[in-house]
Amino acid sequence: MSLFLRDYLTVVWFGLAALVLGSLLLGIAAAVRPSRPNAEKLIAYESGVDPVGMGWSQSQVRYYVFALLFVIFDVEAVFIFPWATSMERYGWFGLVTMLIFIVLLLDGLVYAWKRGLLRWV
């Protein structure tokens with residue numbers, strides 16, 4: 001067996017060990033835990049308020065769009081802060097690259113604004 005494949009074999013062994021250990025621990029936990037089912041444990045729990053009506057309801061897509069936009073611009077901040085702390089090291093190339101990055105993100109923000117995705121109501 002080549003040295004290249006032997007390295008992958010090590011990864012496979014560690015993966016198998018992780019699966020066996022995880023399965024073993026979950027099996028032990030399932031065998032040891034107490035099982036006392038009752039009707040109150042099977043109802044939906046929502047912030048301490050007893051559920052009213054069916055457990056199914058339709059969600060608005062706009063909440064997911066807001067969450068996605070938040071994540072996108074949060075990731076933008078994660079990329080900008082390290083660049084800003086060491087801007088001198090990157091020079092003009094880093095400045096131009098970051099300006100292109102910011103312009104592309106602002107383009108996405110303008111697109112979302114024009115499509116009306118930022119309206120809450």
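In this text, all values refer to a predicted model and were calculated from it rather than measured experimentally.

Novice: Please clarify how the packing of aromatic side chains should be interpreted in this entry.
Specialist: The way to describe two aromatic rings as a pair is by their centre distance and the angle between their planes. Enumeration over the complete set of coordinates arrives at one aromatic pair. The lysine or arginine in question, Arg89, covers the ring of Tyr90, its NZ or CZ lying 5.7 Å from the ring centre.

Novice: Would you explain a nonpolar patch on the surface in this entry?
Specialist: A contiguous nonpolar surface patch, about 500 Å² in accessible area, is contributed by Leu9, Val12, Trp13, Leu16 and Leu19. As for its position among the elements, Leu19 is in helix α1 (residues 3-32).

Novice: Is there a simple way to explain the packing of helix α2 (residues 61-85) against helix α3 (residues 87-114) in this structure?
Specialist: Axes are the key here: two packed helices are described by the angle between their axes and the distance separating the axes. As a packed pair, α2 and α3 sit with axes 10 Å apart at the nearest point and diverge in direction by 165 degrees. Here α3 runs roughly antiparallel to α2, going by the angle between their axes. For the element pair α2 and α3, the recorded crossing hand is left-handed. Together, Leu69, Ile72, Phe73, Glu76, Phe79, Ile80, Trp83, Ala84 and Thr85 of α2 and Met87, Glu88, Tyr90, Gly94, Leu95, Met98, Phe101, Ile102, Leu105, Leu109 and Ala112 of α3 make up the contact between the two elements. For the contact of α2 with α3, a count of residues per class yields 16 nonpolar, two polar and two charged.

Novice: Explain the confidence of the model for the protein chain to me, please; I cannot follow it from the model alone.
Specialist: Caution is warranted with low-pLDDT regions, since their predicted coordinates should not be read in detail. Here the protein chain averages 84 in pLDDT, while 91% of its residues score no lower than 70. No element of the protein chain has a lower mean pLDDT than α2, at 82, and none a higher one than α1, at 93.

Novice: What is the right way to look at α2 in this model?
Specialist: Because an α-helix packs 3.6 residues into every turn, residues spaced three or four apart end up facing the same way. Look at α2: 37 Å from first C-alpha to last across 25 residues, which is about the 36 Å you get at 1.5 Å a residue. Taken as a whole, α2 has its buried residues at Leu69, Glu76 and Trp83. Looking at the buried side of α2, the elements it contacts are α3.

What counts, and where the lines are drawn
Residues numbered from 1 in each chain as written. Predicted model: local features only at pLDDT ≥ 70, side-chain atom pairs only at ≥ 80, totals over all residues. Heavy atoms only, no water. Phe/Tyr/Trp six-rings, centres within 6.5 Å; stacked < 30°, edge-to-face > 60°. Lys NZ or Arg CZ within 6 Å of the ring centre and 35° of its normal. Patch = residues over 30% accessible without salt bridge, like charges linked within 9 Å, V, L, I, M, F, W, Y side chains within 5 Å. Areas by Shrake-Rupley, 256 points an atom, 1.4 Å probe, with all protein chains shown as cover. Salt bridge = Lys/Arg side-chain N within 4 Å of Asp/Glu carboxyl O. Helix = DSSP H or I, 4+ residues; strand = E, 2+ residues; numbered from the N terminus. Axes fitted to C-alpha atoms, helices over the stretch in contact; angles between N-to-C directions. Parallel < 35°, antiparallel > 145°, perpendicular 65-115°, else oblique. Left-handed = near helix turned anticlockwise from the far one by under 90°. Contact = heavy atoms within 4.5 Å. Nonpolar A, V, L, I, M, F, W, Y, C, P; charged D, E, K, R; others polar. pLDDT = per-residue confidence, 0-100. Expected span 1.5 Å × (residues − 1). Buried < 20%, exposed > 50% of the residue type's maximum accessible area, 1.4 Å probe, protein only.

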